[in-house]
Amino acid sequence: MIFTEIDLHKMHNLTKMGYNFQQVLDEIRAERLKPCDGDKIKVLKESICDHYRVTDEELTSRSRLGHIVEARRMFCYLSRILTPKSLKYIGKQINRDHATVLHQFNNITGYVHIKDSAIISDIDDITREYMKNVKLHENKLKEKQNV
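First things first, this report covers the structure right here in the doc. This is a predicted model, so every value here is computed, not measured. (Residues numbered from 1 in each chain as written. Predicted model: local features only at pLDDT ≥ 70, side-chain atom pairs only at ≥ 80, totals over all residues. Heavy atoms only, no water.)

Some details on the packing of helix α3 (residues 40-52) against helix α5 (residues 66-82)
(1) Moving on: At a minimum axis separation of 10 Å, α3 and α5 run at an interaxial angle of 145°. When you trace α3 past α5, the crossing you get is right-handed. Taking contact as the criterion, the partners of I41, L44, K45, I48 and Y52 in α3 are, on α5, H67, E70, A71, M74, F75, L78, S79 and L82.
(2) Moving on: Class assignment for the residues of the contact of α3 with α5 results in nine nonpolar, two polar and two charged. (Axes fitted to C-alpha atoms, helices over the stretch in contact; angles between N-to-C directions. Helix = DSSP H or I, 4+ residues; strand = E, 2+ residues; numbered from the N terminus. Left-handed = near helix turned anticlockwise from the far one by under 90°. Contact = heavy atoms within 4.5 Å. Nonpolar A, V, L, I, M, F, W, Y, C, P; charged D, E, K, R; others polar.)

As structure tokens, this is what we get:
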């Protein structure tokens, strides 16, 4: 599980309150689990497909066309950052294995570290769209539960 700065701050506060390590982890996991958690990968995949103008079938295909590879690479990176899913699960979504997902994640991380403006811009745009789509998805689920 990848922890954000907010998670680390919560961990610190919970530890000060007397929680042990396992209780802190359980608390953070419970907070992260929301009604649409199972659908977040699907929402992310849709956001990436929209951004790169590829279909779901192209994303999961064996194609090596540049724009499809870039979309796949971004999916691996953002899935790892934005969702608590395992490498194996992420890989299954695009018909790849966990090692490929890790390789693609490290690939994008390298671009981020050298401050590649095109990659960083894509990450920002997709993340913004993803967050908007997650909110819409959560609202739809709440409406269904209230009906």
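Further notes follow.
Concerning unusual backbone geometry
(1) Moving on: Notably, N95 is not glycine yet its phi reads approximately 55°, a positive angle.
(2) Moving on: For N95, the location among the structural elements is in the loop between α6 (87-93) and α7 (98-113).

What to know about the nonpolar core
(1) Moving on: In terms of nonpolar packing, the biggest core is built from 26 residues, with I48, M74 and L78 touching the most fellow members.
(2) Moving on: Contributing elements (two or more residues each) for this core: α3, α5, α6, α7 and α8 (117-146).
(3) Moving on: Examining the composition of this core, we find that seven residues originate from one element, α5, more than from any other. (Core = buried A, V, L, I, M, F, W, Y, C linked by side-chain atoms within 4.5 Å. Buried < 20%, exposed > 50% of the residue type's maximum accessible area, 1.4 Å probe, protein only.)

Remarks on α7
Owing to its 3.6 residues per turn, the α-helix aligns residues three or four sequence positions apart on the same side.
(1) Moving on: Taking 1.5 Å of rise per residue, 16 residues should cover 22 Å, and α7 covers 22 Å from first to last C-alpha, within 8% of that figure.
(2) Moving on: Those residues of α7 lying buried are V101, Q104, F105, I108 and T109. Buried residues of α7, viewed axially, fall in a sector of 140°; they line one side. Seen from the open side of α7, the exposed residues pointing more than 90 degrees away from its buried face are H103 and H113.
(3) Moving on: The elements touched by buried residues of α7 are α5, α6 and α8.
(4) Moving on: Looking at the residues trailing α7, positive phi occurs at K115, about 60°. (Expected span 1.5 Å × (residues − 1). Arc of directions from axis to C-beta.)

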